[in-house]
Amino acid sequence: MQKEKNIRNATRWNGEGIKNFIKNLAEKYKLRFVEAGSENSVRDYGENSLFSKGKLNSDDWKKLPADNGKIKPHEKPLIDYSLSARKDGNLKINLIFSPDYGCCKERNFIYDNFMGEIRDFLQKEKIDYNMSWDVPSKHNHYRNHCNITPNIEGKALTKLYDIKEALKKATTEKDVVVTAGDGSNDFDMLNPLEYIEKEKWAKFKENSKCKEFYDLDIKAKLIRLKETLDGKDNLLKRELETNGFIESIKQMPLYSIVIKNDNSDLKLLSEVFSRFNKVIEVEKGELDKGLKSLVKYHSNSNDVF
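So, here's what we can say about the structure. Sequence order as written defines the numbering, with residues in each chain counted from 1. Thresholds applied to this predicted model are a pLDDT of at least 70 for local features of residues and 80 or more for the giving and counting of side-chain atom pairs; totals over whole chains, interfaces and linings are not thresholded and use all residues. As a rule here, side-chain values cover all heavy atoms of the structure and leave hydrogens and water aside.

1. Description of the environment of K70
Part 1 of the reasoning: Where helices and strands are cited, they refer to DSSP runs of H or I of at least four residues and of E of at least two residues respectively, numbered from the N terminus. Mapping K70 onto the fold places it in strand β3 (residues 70-71).
Part 2 of the reasoning: Once the C-alpha coordinates of K70 and Y142 are considered, the two residues, 72 residues apart in sequence, prove to be 9.3 Å apart.

So this is what it looks like as structure tokens:
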């Protein structure tokens, strides 16, 4: 697959090789290794669920000493000694530990050493990787989750990578890319600022009188941009209007649709970029309506489309 080859060339990531190393390491540590396609319920996913018969017990955490829903520290293991993984393809590794990891001294020693060997392997192979942990909660059955992915431009590999590749192609072929989402995990993918290349950011900053704006992280830039467009920083506003920054956003063949969700922070994107017709907000169930609206706008603004 070309995507895997490109990422391997950039990061030395070899998903199949890393997964084989982890499986062999689990055998060395006598860990019962379990794989399945989903962490969702058996009712919805049947035997493809990690919690189907013969795999994991979703109620293991209930066997541990707890105080007001928080698992208490204890010396000896009281539940199954296992390691599980979702079948997420070769570009992401998701490791799921027993819910006593972090609160059982004996179990911590084993799991910590296990993870130490994985880090040593990745460093020895000179793999540019990102490692993050999900906080244990009732929603993930109080199991520690470790996510290991290729490190792309300082960030974990996400679907943002695919959209950037599609945008390059669309720019060359005079086409258009439309993204849509309704959750906080879609924020980066829907944010036009993520698609401005490093070289352009550097060029905008070079002759700027407001260099501190360009030094902010993407989320902070977005907040500052909203304040600026709302009239709170006329100096920066004039600069963005004359140095090509605003024009580069307008000319980007990328549009985003935010599907309304009361629990999402995506509204900020539509508040900033709706004024450029780059991000629109639609009600749930009206995705097609939003898509038609954006395609119509783009075709009216671009004769070659």
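2. Regarding a nonpolar patch on the surface
Part 1 of the reasoning: A surface patch of nonpolar side chains, amounting to about 180 Å² of accessible area, comprises V178, L291 and V295.
Part 2 of the reasoning: Mapped onto the elements of the fold, L291 is located in helix α13 (residues 287-301).
Part 3 of the reasoning: Judged by its relative accessible area of 35%, L291 is partly exposed. A patch is a set of surface residues, each over 30% in relative accessible area and not in a salt bridge, joined within 9 Å for like charges and within 5 Å for the nonpolar side chains Val, Leu, Ile, Met, Phe, Trp and Tyr. Here, Shrake-Rupley sampling with a 1.4 Å probe gives the accessible areas, and only protein chains in the shown set may cover a residue. A pair is scored as a salt bridge if a Lys or Arg side-chain nitrogen falls within 4 Å of a carboxyl oxygen belonging to Asp or Glu. Whether a residue is buried, partly exposed or exposed follows from its accessible area with a 1.4 Å probe, protein chains only, as a fraction of its type maximum: under 20%, in between, or over 50%, in that order.

3. So, helix α1 (residues 2-11)
Part 1 of the reasoning: Within the sequence span of α1, burial applies to K3, I7 and T11. Axial view of α1: buried residues confined to an arc of 40°, hence all on one face. Looking at α1, the residues exposed on the side facing more than 90 degrees away from the buried face are Q2, K5 and N9.
Part 2 of the reasoning: Directly beyond the C-terminal end of α1, a positive phi value near 65° is found at R12. When we speak of the arc, we mean the arc of directions from the helix axis to the C-beta atoms.

4. Overview of the sheet that holds strand β11 (residues 279-282)
Part 1 of the reasoning: Taken in spatial order, the three strands of this open sheet run β9-β10-β11, and their pairing is parallel. Because the sheet does not close on itself, it has two edges, and the strands there are β9 (177-181) and β11. Along the sheet, successive strands turn relative to each other by an average axial angle of 20°, direction set aside.
Part 2 of the reasoning: Strand pairing is assigned whenever DSSP identifies at least 2 bridges connecting the two strands. Note that β9 and strand β10 (residues 254-259) share five bridges and pair parallel. Within the sheet, the bridge partner assigned to V177 lies in β10 and is L254.
Part 3 of the reasoning: Here, residues are in contact when the closest pair of their heavy atoms is within 4.5 Å. Lines fitted to the C-alpha atoms define the axes, with helices restricted to the stretch that makes contact. Angles between their N-to-C directions range from 0 to 180 degrees. Packing against the sheet, helix α5 (residues 160-172) makes contact with β9 and β10, and its axis sits at approximately 155° to β9.
Part 4 of the reasoning: Packed onto the sheet, α13 meets β9, β10 and β11 and runs at close to 155° relative to β10.

5. Structural notes on the packing of helix α9 (residues 218-232) against helix α10 (residues 234-242)
Part 1 of the reasoning: In contact at an axis separation of 8 Å, α9 and α10 are set at 105° when each is read in the N-to-C sense. One way to sum up the angle between α9 and α10 is to call them roughly perpendicular. Counted together, R224, L225, T228, L229, G231 and K232 of α9 and N234, L236, K237 and L240 of α10 form the full contact between these two elements.
Part 2 of the reasoning: Throughout this entry, Asp, Glu, Lys and Arg are counted as charged residues, while Ala, Val, Leu, Ile, Met, Phe, Trp, Tyr, Cys and Pro are counted as nonpolar. The remaining residues, Gly among them, count as polar. When grouped by side-chain class, the residues that make up the contact of α9 with α10 number four nonpolar, three polar and three charged. The cut-offs work like this: below 35 degrees is roughly parallel, past 145 is roughly antiparallel, 65 to 115 is roughly perpendicular, and the gaps in between are oblique.

6. Brief notes about the packing of aromatic side chains
Part 1 of the reasoning: Here a pair means two rings of Phe, Tyr or Trp (six-membered ring of Trp) with centres within 6.5 Å. Their orientation is stacked below 30 degrees between planes, edge-to-face above 60, and tilted elsewhere. Applying the stated criterion across every chain, the model contains 15 aromatic pairs.
Part 2 of the reasoning: Ring geometry for F97 and Y111: centres 4.9 Å apart, planes at 80°, overall edge-to-face. In this pair, F97 sits in strand β5 (residues 93-97) while Y111 sits in helix α4 (residues 105-124), placing the two residues 14 residues apart along the sequence.
Part 3 of the reasoning: Given a relative accessible area of 0%, F97 falls into the buried group.
Part 4 of the reasoning: Members of the aromatic cluster, joined through ring pairs, are Y81, F97, Y101, Y111 and W133.
Part 5 of the reasoning: By the criterion adopted, a ring carries a charge over it if an Arg CZ or a Lys NZ lies within 6 Å of its centre and within 35 degrees of its normal. Positioned above the aromatic ring of F187, the side-chain terminus of K219 is 4.9 Å from the ring centre.

7. Things to note about the side chain of N191
Part 1 of the reasoning: Its location among the elements puts N191 in the loop between α6 (187-190) and α7 (198-206).
Part 2 of the reasoning: Judged by relative accessible area, N191 falls into the buried class, the value being 0%.
Part 3 of the reasoning: Each residue touching N191, except ones within four places of it in the same chain, is listed here: I218, L222, L269 and F273.

8. Regarding the pairing of strand β4 (residues 82-86)
Part 1 of the reasoning: Counting buried residues in β4 gives five out of five residues, a clear majority hidden from the surface.
Part 2 of the reasoning: Where burial is concerned, the two faces of β4 agree: the one with S82, S84 and R86 and the one with L83 and A85 are both buried.
Part 3 of the reasoning: With five bridges connecting them, strand β1 (residues 32-36) and β4 associate as parallel partners. By the bridge assignment, A36 is partnered in β4 with R86.
Part 4 of the reasoning: Note: β4 against β5, three bridges, orientation antiparallel. Bridging from a neighbouring strand, A85 pairs with L95 of β5.

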